[in-house]
There are 2 protein chains.
Amino acid sequence: MTEIPSATDIERIESFKKVFRRHPAGVAVITGLTPEGRPVGFTASSVSSLAAVPPLLSFNMARVSTAWPAVEGTDHLLVHMLGAHNKDLAIRMAGRSDERFTGDHWSPGPRGLPLLDDVPAWMLGRVVERLRVANNAVIVVQVEEGELGEEDEGLVYFERRYHRMGPEL
Amino acid sequence: MTEIPSATDIERIESFKKVFRRHPAGVAVITGLTPEGRPVGFTASSVSSLAAVPPLLSFNMARVSTAWPAVEGTDHLLVHMLGAHNKDLAIRMAGRSDERFTGDHWSPGPRGLPLLDDVPAWMLGRVVERLRVANNAVIVVQVEEGELGEEDEGLVYFERRYHRMGPEL
């Protein structure tokens, strides 16, 4: 039996979406390999620090994502933090999944994982928790190594578009 | 036996902190009541959408936080999303814990929870998951009701300071 959502439910869902569209977020790209060794990845606006000692971060994803088999079935992922000059990369890695690794913007990195070029920072992480909630999951990763690249201006996702950082308040 | 962190460990921790200082984040304030009914709350830069149907969000916190007893021991919380005009509120709710509820910037809201005045949006949520990892926790909340206030410019936390949103890229 499928429940038909009430008008109140629909209104609540629309309000919830609106609230998060207007909540600024930093932008990252997660990449991994499926158990068969195929590169997968996606743009994420939910990467957050959980602890510094040990270095832990979390992100959220849908379990219908093309990257879910890599997150469910393998232990390591790369987390790339994006800067203002990476806008096109952010758009590409949120676009058609069969076009995300077409091109020379990446190469095999640590553990053979897809490493994106020219990002301000990347981290190799081991998945330590996969918390399934409804059709989604919260993933917790412990960072094992990483590299800082050139500093860049921050990249902010807001109202479904990419923005620069503004002045300090 | 306490392990002494190696130079490599210290370097890794410092790099991790630097990466997240430079990862822009939206700003929210979580409030709750301890089991004894005392208001507690804190500024959070980790509030992320997890699903829209049902409306779920996540945030991260330290289990040494003064708000942890409220999150551990009670079922409902308020999540307030902050805008650019709420900078002082963000600073106050990240400051001395005995001064966060001194003043008339809040009043008892749904279920008696501390409701902050003059925010762009607030949501009442029921805690559905508490994932403990090291000394921290990932909290998942299902939104039950909420209210949109006046729209405001986005508020972004970056390099340990508060910023406005910048122009679209």
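Look above for the structure.
Notes on the structure follow. (Residues numbered from 1 in each chain as written. Chains lettered and ligands numbered in written order. Predicted model: local features only at pLDDT ≥ 70, side-chain atom pairs only at ≥ 80, totals over all residues. Heavy atoms only, no water.)

A word on the interface of chain A and chain B
Contact residues are listed per partner, giving 63 residues for chain A and 63 residues for chain B. Counting each side, the surface lost to burial between chain A and chain B is near 5,500 Å², with a carbon and sulfur contribution of 70%. Where chain A meets chain B, there are six salt bridges. Across the salt bridge formed by A:Glu168 and B:Arg161, the nearest N and O atoms sit 3.4 Å from each other. Across the chain A-chain B interface, the total number found is 26 residue pairs in polar contact (both at pLDDT 80 or more). Counting residues per element, the ones that place at least two in the side of chain A that touches chain B are helix H1 (7-21), strand S1 (25-26), strand S4 (48-51), strand S5 (56-62), strand S9 (121-133), strand S10 (136-148), strand S11 (155-158) and strand S12 (161-168) of chain A. Per-class residue counts for the side of chain A that touches chain B are 36 nonpolar, 13 polar and 14 charged. Alignment of S12(A) against strand S12 (residues 161-168) of chain B, held across three bridges, turns out to be antiparallel. The partner of A:His163 across the bridge, within S12(B), is B:Glu168. (Contact = heavy atoms within 4.5 Å. Buried area = accessible area lost by both parts, 1.4 Å probe. Salt bridge = Lys/Arg side-chain N within 4 Å of Asp/Glu carboxyl O. Polar contact = N/O pair within 3.5 Å; in protein donor to acceptor, adjacent residues only side chain to side chain. Helix = DSSP H or I, 4+ residues; strand = E, 2+ residues; numbered from the N terminus. Nonpolar A, V, L, I, M, F, W, Y, C, P; charged D, E, K, R; others polar. Pairing = 2+ DSSP bridges.)

Let's talk about the sheet that holds S9(A)
Taken in spatial order, the seven strands line up as S3-S2-S6-S9-S10-S5-S4 (chain A) in an open sheet, and their pairing is antiparallel. Bordering the open sheet on either side are strand S3 (39-44) and S4 of chain A, each of which pairs with just one other strand. With strand direction ignored, the average angle separating the axes of adjacent strands in the sheet is 35 degrees. Here S9(A) pairs with S10(A) via 12 bridges, running antiparallel. Paired with A:Val133 across the bridge in S10(A) is A:Asn136. Where helix H1 (residues 7-21) of chain B meets the sheet, it contacts S4, S5, strand S6 (76-81), S9 and S10 of chain A, and its direction lies at approximately 120 degrees from that of S10(A). (Axes fitted to C-alpha atoms, helices over the stretch in contact; angles between N-to-C directions.)

The analysis is restricted to geometry; functional conclusions fall outside its scope.
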